[in-house]
Amino acid sequence: MPTMPINKTKGNTCFGEEIEELVQEGWTIGAHTHTHPDLSNLAIKDPTGDLIQQELERCDSILEHRLSIKPRYFAFTGTSWSSVAETEVKKRYKLGRLWIIDSHYQADGETIRYADLIGQTGPDEIDGGPPMPSRYINRNTKPFMIPSMEIEGLIYEYDDFIRYLTEA
């Protein structure tokens, strides 16, 4: 499959060049999938995990070809998760992140509370997100369910942002 070359023209900060600069500065670039599918639905469509594995392989291939890196970390797409996807992700990566955009997730074909997915108790917060403890990494956090807050999606006010940082 043909790929677009990274534009190396001096002074032109195209997407590929910016990513290369981040890698050179020590940033970790992780995998995410190639076409950004809803992993919950994809696992229902193909319970064998082959379609998920193809997404992961294509993403890894692009990162290896363009940046000469082998990704070690994975971010699940949107607010979708599946046990099939987690099994496939565990075969390739060291850790996995879950986006927290609101208090719900698509998991194995069902809409569930994010807190229930990760085993956190307590009511959802007034900002529409999950309970505060579920927004932070702690010693009980599962390595393939590391929380990653979408700050712009849940925190609109300065005081709320400060509270989020303070409680971390």
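Above this note sits the structure.
Computed from a predicted structure; not experimentally measured. (Residues numbered from 1 in each chain as written. Predicted model: local features only at pLDDT ≥ 70, side-chain atom pairs only at ≥ 80, totals over all residues. Heavy atoms only, no water.)

Asks: Just give me the short version of the pattern of salt bridges, but keep the residues and values in it.
Replies: Taken as a whole and judged by the stated rule, the model has six salt bridges. In this structure, arginine 135 engages aspartate 127 in a salt bridge whose closest nitrogen and oxygen atoms are separated by 2.7 Å. Classification of arginine 135 as buried rests on a relative accessible area of 2%. Through salt bridges with shared partners, one network takes in Arg113, Asp116 and Asp124. (Salt bridge = Lys/Arg side-chain N within 4 Å of Asp/Glu carboxyl O. Buried < 20%, exposed > 50% of the residue type's maximum accessible area, 1.4 Å probe, protein only.)

Asks: Report on the nonpolar core, specifying residues and quantitative values.
Replies: Ile52, Phe74, Phe76, Trp81, Val89, Leu98 and Leu117 are the most contacted members of the largest nonpolar core, which has 31 residues in total. Where this core is concerned, the elements lending two or more residues are helix H2 (39-45), helix H3 (50-67), helix H4 (83-92), strand E3 (95-100), strand E4 (104-107) and helix H5 (114-118). The element best represented in this core is H3, accounting for five residues. (Core = buried A, V, L, I, M, F, W, Y, C linked by side-chain atoms within 4.5 Å. Helix = DSSP H or I, 4+ residues; strand = E, 2+ residues; numbered from the N terminus.)

Asks: Residues and numbers for the packing of aromatic side chains, please.
Replies: Both the distance between ring centres and the angle between the ring planes are used here to describe each pair of aromatic rings. Applying the stated criterion across every chain yields a total of three aromatic pairs. Note on phenylalanine 74 and tyrosine 93: the rings are 5.4 Å apart at their centroids and 25 degrees apart in plane angle, and the pair reads as stacked. Of this pair, phenylalanine 74 sits in strand E1 (residues 73-75) while tyrosine 93 sits in the loop between H4 and E3; the two residues are 19 residues apart in sequence, bridging distant segments of the chain. Just as phenylalanine 74 is buried, tyrosine 93 falls in that class too. Taken together, a centroid distance of 5.6 Å and an interplanar angle of 45 degrees make the contact between tyrosine 105 and tyrosine 114 tilted. A network of ring pairs unites the aromatic residues Phe74, Phe76 and Tyr93 as a single cluster. The aromatic ring of tryptophan 99 is capped on one face by arginine 97, whose charged end is 4.6 Å from the ring centroid. (Phe/Tyr/Trp six-rings, centres within 6.5 Å; stacked < 30°, edge-to-face > 60°. Lys NZ or Arg CZ within 6 Å of the ring centre and 35° of its normal.)

Asks: For the sheet that holds strand E5 (residues 110-113), give the residues involved together with the corresponding values.
Replies: With mixed pairing, three strands are arranged side by side in an open sheet as E2-E4-E5. Strands with a single pairing partner mark the edges of an open sheet, and in this sheet they are strand E2 (80-81) and E5. Bridge count for E4 against E5 is four bridges, and the pairing is antiparallel. The residue of E5 that forms the bridge with alanine 107 is glutamate 110. (Pairing = 2+ DSSP bridges.)

Asks: Describe the sheet that holds strand E6 (residues 146-149), and please don't skip the residues or the numbers.
Replies: One open sheet accounts for three strands, arranged E1-E3-E6; its pairing is parallel. The sheet terminates laterally at E1 and E6, the two strands that pair on one side only. On average, each strand axis in the sheet is tilted by 30 degrees relative to the strand beside it, whichever way the strands run. By the bridge criterion, three bridges tie E1 to E3 in an arrangement that is parallel. For phenylalanine 74, the partnering residue across the bridge sits in E3 and is glycine 96. (Axes fitted to C-alpha atoms, helices over the stretch in contact; angles between N-to-C directions.)

Asks: Help me get a handle on the packing of H3 against H4, residues and values and all.
Replies: Direction vectors running N to C along H3 and H4 enclose 35 degrees, while the axes themselves pass 9 Å from each other. For the pair H3 and H4, the sense of crossing is right-handed. For the pair H3 and H4, contact is made by Ile52, Gln53, Leu56, Glu57 and Asp60 and by Val84, Ala85, Glu88, Val89, Lys91 and Arg92, respectively. Each residue belonging to the contact of H3 with H4 can be placed in one class, and the counts come to five nonpolar, one polar and five charged. (Left-handed = near helix turned anticlockwise from the far one by under 90°. Contact = heavy atoms within 4.5 Å. Nonpolar A, V, L, I, M, F, W, Y, C, P; charged D, E, K, R; others polar.)

None of this, on its own, says anything about what the molecule does.
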